[in-house]
Amino acid sequence: MAEALDVTSWVCPVPLRDSPTIVMGHGGGGAMSAELIEHLFLPAFGPAGDPALGDSAVVSVGRTRLAFSTDSYVVKPMFFPGGSIGDLAVNGTVNDLAMSGAVPLVLSTAFILEEGTPLAEIGRVAEAMGRAATAAGVRLVTGDTKVVDAGSGDGVFVNTAGIGVVPEGIDIRPTRACPGDVVIVSGDLGVHGVAVMSCREGLEFGTPVRSDSAPLSGLVAAMLGTGAQVHVLRDPTRGGLAASLNEIATAAQVGVELVERDLPVPDAVRDACGLLGLDPLYVANEGKLVAFVAPEDADLVLTAMRGHQHGRGAVVIGRCVAEHPGMVVTRTGLGGTRVVDLPIGEQLPRIC
């Protein structure tokens, strides 16, 4: 009689987790990014490092609480349906500040330009940044420009850093998620990643898909203006909704249960992901947020979100639970469940 297999000892090999060099997955916002920060950067920084690791840091200056954030943008191509690296750089940092409940005020802008890039293209990027900053109500107050040899860059890379003011009484952070919280997403998922991929590879999906890049500070202000108990906010960019929810679940040591049929994935995105072998939950968004809200305030927040141009598609997609802390699961249409794990690297590189 053959010896029974011990499946508990099986291990699925994960490629490149032990790579001695940087690989694309290290920039994907998933497990490899987290390991790079935890095992390389934080030990190297020593006592100067902050283990909180938020998209924006909240620091007190006298009696004022300031939110501070920085981000770099390397999207390829520079121009895509619905946006460009310029407006993406402004909106992305504005949104990181807004996710801490801050009112964004000022941004810095830094450019790494590749020798040989047409000035007309750089001008288009700069104009897009100006329009996006005006729309978001922020000023571009300082910056830097560097040029690298031809072949050492990719046209234009942009870094933006921003400062905002956190209103009194606002306390929004991942560790505040608690069992019973309602999980709300502000609209359709996956459209930015699919929009970038469609023009990068020359793919057509029947229905045009445009990036959702947008500033979310006004939407956040509308939500907080209700006085509701908003515990956590996150914009699900790299790694998509799956990465954001896993990070929140781990930080707060709670479980998250989603309802698959309630996830707002447009048909065009679903079809494109099916064609490309992608999961929409892992595809980046640039104009959406996910919120954890006290259950008694969920309807109030939903109403406020749906009254704002960037939250008209807001829906409840699940709840925060005490069971399976640190884990995100989805209830399928057949009544089963599947684990929505933290992505290892990135399905679509260079999308932000």
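Described in the following lines is the structure provided in the data block.

Tallying each qualifying case throughout the model produces one aromatic pair. Positioned above the aromatic ring of Phe 79 is the side chain of Arg 124, whose terminal nitrogen or guanidinium carbon lies 3.7 Å from the ring centre.

Within the secondary structure, Ser 69 sits in strand β2 (residues 64-73). By relative accessible area, Ser 69 is classed as buried at 2%.

This brings us to unusual backbone geometry. Here the bond from Lys 76 into Pro 77 is cis, since omega is 0°, no more than 30 degrees from zero. One can find Pro 77 in the loop between β2 and β3 (79-80). One non-glycine residue, Gln 253, lies in positive phi territory at about 55°. When its relative accessible area of 48% is taken as the criterion, Gln 253 is described as partly exposed. Although it is not a glycine, His 324 adopts a positive phi angle of roughly 35°. On the secondary structure map, His 324 appears in the loop between β12 (315-321) and β13 (328-331).

Under the defined criterion, the tally for this structure stands at seven salt bridges. Salt-bridge contacts for Arg 173 lead to Asp 171; the nearest nitrogen and oxygen are separated by 2.7 Å. Asp 171 is the partner of Arg 176 in a salt bridge, and the nearest nitrogen-oxygen pair spans 4.0 Å. Overall, Asp 171 belongs to the partly exposed group, its relative accessible area being 29%. One continuous salt-bridge network, built from bridges that share partners, spans Asp 171, Arg 173 and Arg 176.

Attention now goes to the nonpolar core. Counting 34 residues, the largest nonpolar core has Ala 177, Leu 241, Leu 245, Val 256, Leu 281 and Phe 292 as the members making the most contacts within it. Sorting the residues of this core by element identifies β8 (182-185), α4 (191-200), α6 (240-252), β10 (255-259), α7 (267-276), β11 (290-293) and β12 as the ones contributing at least two each. Per-element tally for this core: the top contributor is α6, with six residues. Contacts of Phe 292, omitting those with residues within four sequence positions, involve Ala 177, Asp 181, Val 182, Val 183, Gln 229, Val 230, His 231, Val 232, Leu 245, Ile 248, Val 256 and Cys 320. Core analysis: the second largest hydrophobic core is formed by 26 residues, Ala 98, Ile 170, Met 223 and Ala 314 among them.

Analysis parameters
Residues numbered from 1 in each chain as written. Predicted model: local features only at pLDDT ≥ 70, side-chain atom pairs only at ≥ 80, totals over all residues. Heavy atoms only, no water. Phe/Tyr/Trp six-rings, centres within 6.5 Å; stacked < 30°, edge-to-face > 60°. Lys NZ or Arg CZ within 6 Å of the ring centre and 35° of its normal. Helix = DSSP H or I, 4+ residues; strand = E, 2+ residues; numbered from the N terminus. Buried < 20%, exposed > 50% of the residue type's maximum accessible area, 1.4 Å probe, protein only. Salt bridge = Lys/Arg side-chain N within 4 Å of Asp/Glu carboxyl O. Core = buried A, V, L, I, M, F, W, Y, C linked by side-chain atoms within 4.5 Å. Contact = heavy atoms within 4.5 Å.

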